[in-house]
Amino acid sequence: MSTSEERALAQREGTEIASADPYERKYMRGEGQVLYRAKQRAPAALTAVFGGLTLATAIPVLLGTPGAWLSMALTMPVMFVLWVLFAVLRVTVSEGSVKIQYGLFGPTIPIAAIESAELTTYSWVHFGGWGIRRGPKGEWLYNMPGDGGKAVRVVWRDAKGRRKVTLIGSKEAESLARSVARARRALPGAESESKALPSRS
């Protein structure tokens, strides 16, 4: 689907669909119409931390420390890769799937495999930080600082029938939940009244 077609769909649905960048057009197209797309970037403070740590490896070189060049040559590429991996959280909801990618990692959840998708809140302390985090009950959280603790809790089954719980942190959690609900209602045999509701837990 072209960007103009997606925007026309968004206007009819009363929602806003972000423009797709080249990566999203190639790797996160989903199946059928795109109903929702979001890209959350790491806040400037987090980028500054990575940059500061990277530049810190150059200090021993400036001080003439023996072996510092080797240390810097090994550390800088690692820091760059880590920054690339954790700089962007992408979420795309299409008629066929929910795609989540934190850097290069994240699940593709078939719409047909979703049992429920509810608005919820979370504490980053409970999960031990930001990024890709596993909770004490086995649930997985994909989040970026700045989402205000808002998320959509998706309960689904993988190809082997195992129950999974995935929390997607988002400043636009309500729009994300509505899009998942719309995709689920469009499934053959789905109940028309199925919708995402705020979690009471």
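How each quantity is defined
- Residues numbered from 1 in each chain as written.
- Predicted model: local features only at pLDDT ≥ 70, side-chain atom pairs only at ≥ 80, totals over all residues.
- Heavy atoms only, no water.
- Phe/Tyr/Trp six-rings, centres within 6.5 Å; stacked < 30°, edge-to-face > 60°.
- Buried < 20%, exposed > 50% of the residue type's maximum accessible area, 1.4 Å probe, protein only.
- Helix = DSSP H or I, 4+ residues; strand = E, 2+ residues; numbered from the N terminus.
- Expected span 1.5 Å × (residues − 1).
- Contact = heavy atoms within 4.5 Å.
- pLDDT = per-residue confidence, 0-100.
- 1 Å grid on protein atoms, 1.4 Å probe; cavity = no way out; pocket = protein on both sides within 12 Å on 5 of 7 lines; lining within 4 Å.
- Points joined across faces, edges and corners; volume = space filled by probe spheres on them.
- Nonpolar A, V, L, I, M, F, W, Y, C, P; charged D, E, K, R; others polar.
- Patch = residues over 30% accessible without salt bridge, like charges linked within 9 Å, V, L, I, M, F, W, Y side chains within 5 Å.
- Areas by Shrake-Rupley, 256 points an atom, 1.4 Å probe, with all protein chains shown as cover.
- Salt bridge = Lys/Arg side-chain N within 4 Å of Asp/Glu carboxyl O.

Turning to the packing of aromatic side chains, a few remarks are in order. Per the counting criterion, the structure on display carries two aromatic pairs. Aromatic pair Trp124 and Trp130: ring centres 4.5 Å apart, planes at 20 degrees, arrangement stacked. The exposure class assigned to Trp124 is partly exposed, which follows from its relative accessible area of 41%. Overall, the relative accessible area of 38% leaves Trp130 in the partly exposed class.

Take helix 7 (residues 173-185) next. The terminal C-alpha atoms of helix 7, which comprises 13 residues, lie 18 Å apart, in line with the 18 Å expected from a rise of 1.5 Å per residue. Those residues of helix 7 hidden inside the fold are in contact with strand 1 (34-41), strand 2 (88-94), strand 3 (97-102), strand 5 (114-121), strand 8 (150-157) and strand 9 (163-169).

Moving on: the confidence of the model for the protein. Within the protein, residue pLDDT values average 80, and 75% of them lie at 70 or more. In the model of the protein, helix 1 (residues 3-13) stands out as the element of lowest mean pLDDT, 44, in contrast to strand 8, which has the highest, 98. Contacts of residues 192-201 to residues separated by more than four positions or lying in other chains number 16 contacts, the stretch itself having pLDDT below 50.

Moving on, we come to the layout of surface pockets. Empty space among the atoms becomes apparent when a probe as large as a water molecule is rolled across them. Taken as a whole, the largest pocket holds about 440 Å³ of empty space. Considering the residues around the largest pocket, the lining is formed by 19 residues, among which Lys137, Glu139, Arg153, Val165 and Leu167 are closest to the centre. Broken down by secondary-structure element, the contributors of at least two residues to the lining of the largest pocket are strand 5, helix 6 (124-127), strand 7 (140-143), strand 8 and strand 9. The greatest single-element share of the lining of the largest pocket, amounting to five residues, is contributed by strand 9. Residue composition of the lining of the largest pocket, grouped by class: eight nonpolar, six polar and five charged.

Among the structural elements, Gln101 can be located in strand 3. Leave out the neighbours within four places in its chain, and Gln101 touches Tyr23, Met28, Val88, Leu89, Arg90 and Gly106.

Taken together, Trp124, Val125 and Trp130 make up a surface patch of nonpolar side chains, about 320 Å² in accessible area. Within the element layout of this structure, Val125 appears in helix 6.

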